[in-house]
Amino acid sequence: MRELHFIDGPATEALSPDEVGGKAANLAFMARLGLPVPPAFVLPVELCAAVNAGRRKASEELRRLIDLGIERLEAATGRRFGDRRRPLLVSVRSGAARSMPGMLETVLDVGATEEAVAGLVRLSGNPRFARDCRRRFLEGWAETVLGLDPTPLHRHTADLLAAEGVASERALDVRALDGLAGAALRQIDGAGQMVPADPRAQLDLAVRSVFASWTAPKAVSYRRINGLDDLEGTAVTVQAMVYGNACSRSAAGVAFSRDPSSGAAAPVIELLFEAQGEDVVSGRRVPVDGAALAGRLPAVSAELTAALARLERAAGDVQDVEFTVESGRLWLLQTRAAKRTPRAALHFAIALVAEGVIDEKEAAARLQDLSEAALDETVFAGEAPTPWAVGLGASPGVAVGRLAMSAAAAERYAASDPVVLVRPDTSTADIDGFAASCAIVTASGGRTSHAALVARQMGRPCVVACEGLRFVEDRVVAAEATLAEGDWLSVDGDGGRVFVGRRETTIRRPEAEIAVWRRWRKKAR
């Protein structure tokens, strides 16, 4: 019988990523440091294939571990799962041994039955927050657990926001939120599906859906593209919910201990107030930066900045951290080595050696898969014309290619020409379109969205939050210029600008930094 791995405070045992996935192993790492981590239990990687294959003994073991885990979570939090007075809700998160950002699924607010929602109202005194949790749960259930197309719900939400004259769901009242929840229930019912009223049944199905996401086409494509086919499956972490949507002093965000695009030493922090984590990483909304957090919650900002520095030094590498602020209290939900551009990788290695965090031998080892050619910086030559669109530079570099409005079009055009994928936002299901494109441009999102993370990892220039972009049938409109698929674009991922036409380029090399790297390699030999 398998042992239950439980994460709660400094007494947490050290866990192996191969056994419990990188996410849970790093949660345990943060808990052992005494950092604020919500309690959680882990269902190991080795269950993934057995559960997906429908093996009876695996299902029995799964139920046993879930029962033990919920009992431990209830004891740690003083709440009861799905209770009508002091309800515990949980998140169900994936985690392979190697990071696969956005490729595997997460289900939030599990246990948000009507009784539990009434309990949230009693606990918080905030009916809007409680109904928002129910709405989020039902929408996530429809898309992630049942696999229903989210487009009709997104369209319904957009229509409701327009009718209400507001920019986002955070401005909707209880009645409007209940309307969105009702739309999700109608879609579920129309598909001949259901949402169990029993929170334990909800949790069992949510766990199985996260295990099943291992075999989803986007996850398979990601592993193929990144040489991760040797991985055996995903673990599942079940964690007590903390609520970034609880009130105006609550938020969800992502932070890097240093800039993963340029390599600059300053942290990069993006967040959304009154939101949950999927709002940030999905790229469907434009986040605010760390200055907004410092302005509204200065103590939380200082605590987060200190935690980033501590994690970086303890891990010996630049960190990518997910966090939630609930009613002015900081919680850390994930840390991992940050995905980075080749340029940033060299900057980081030199800086960490200079700071005494790692030695030259370790720095050289971290760069062994990097080529000097990858450090060449392609920049546009000549004076810049007026940009067609302006946003945030999310992944550096420049590229020139033909406009494509879908992943399928990108793959089609790439057979003969370089391609720039231009979208309102991007789903991680677009992974094959990312691979076929030389650059990515989106109307919404931030530098910490899954699209930006994947673009940096692939070395693709990326510009996000181009709010002036409008998509009208088979055309894209910005700055009073209308373009069609196949038109040429030039993308500046450093400056966050997009130009019409084909700009000339030239090459720059960071010779001084390359000389340092060569010296390390010579010593290692």
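Everything below is about the structure printed above this text.
Residues numbered from 1 in each chain as written. Predicted model: local features only at pLDDT ≥ 70, side-chain atom pairs only at ≥ 80, totals over all residues. Heavy atoms only, no water.

**Section: the pairing of strand β16 (residues 398-404)**
Within β16, six of the seven residues are buried, leaving the element largely enclosed by the surrounding structure. Summarising the sheet, β16 and strand β23 (residues 488-492) pair through five bridges and their orientation is antiparallel. Its bridge partner being in β23, V400 is matched across the sheet by S490. Where β16 meets strand β17 (residues 419-423), three bridges bridge the pair, whose relative direction is parallel. Opposite A404, over in β17, you have L421 as the bridge partner. Handedness of the β16-helix α15 (residues 407-413)-β17 crossover: right-handed. (Buried < 20%, exposed > 50% of the residue type's maximum accessible area, 1.4 Å probe, protein only. Helix = DSSP H or I, 4+ residues; strand = E, 2+ residues; numbered from the N terminus. Pairing = 2+ DSSP bridges. Right-handed = clockwise from strand over helix to strand, strands pointing away.)

**Overview of the packing of aromatic side chains**
Per the counting criterion, the structure on display carries three aromatic pairs. Both rings, one in F129 and one in Y243, keep their centres 5.0 Å apart while their planes meet at 75°; by these two values the pair is edge-to-face. Within this pair, whereas F129 is found in helix α5 (residues 127-145), its partner Y243 is found in the loop between β7 (234-240) and β8 (251-256), the two being separated by 114 residues in sequence. Owing to a relative accessible area of 5%, F129 belongs among the buried residues under this scheme. Geometrically, the ring pair formed by F380 and F499 is edge-to-face, given 6.1 Å between the ring centres and 90° between the ring planes. Residue F380 is located in strand β13 (residues 377-380), and its partner F499 is located in strand β24 (residues 497-500); the two are separated by 119 residues in the primary sequence. Exposure class is identical for F380 and F499. Each is buried. Here the basic side chain of R223 rests over the ring of W214, its NZ or CZ set 3.8 Å away from the ring centre. Over the face of the ring belonging to W488 we find R502, whose NZ or CZ atom lies 3.9 Å from the ring centre. (Phe/Tyr/Trp six-rings, centres within 6.5 Å; stacked < 30°, edge-to-face > 60°. Lys NZ or Arg CZ within 6 Å of the ring centre and 35° of its normal.)

**What about helix α6 (residues 151-164)?**
With 14 residues, α6 extends 20 Å between its outermost C-alpha atoms, agreeing within 8% with the 20 Å of an ideal straight helix rising 1.5 Å per residue. Of all the positions in α6, only L153, T157, L160 and L161 are classed as buried. Axial view of α6: buried residues confined to an arc of 100°, hence all on one face. Projecting away from the buried face of α6 at angles above 90 degrees are the exposed residues D159, A162 and A163. Residues of α6 that are buried make contact with α5 and α7 (174-190). (Expected span 1.5 Å × (residues − 1). Arc of directions from axis to C-beta. Contact = heavy atoms within 4.5 Å.)

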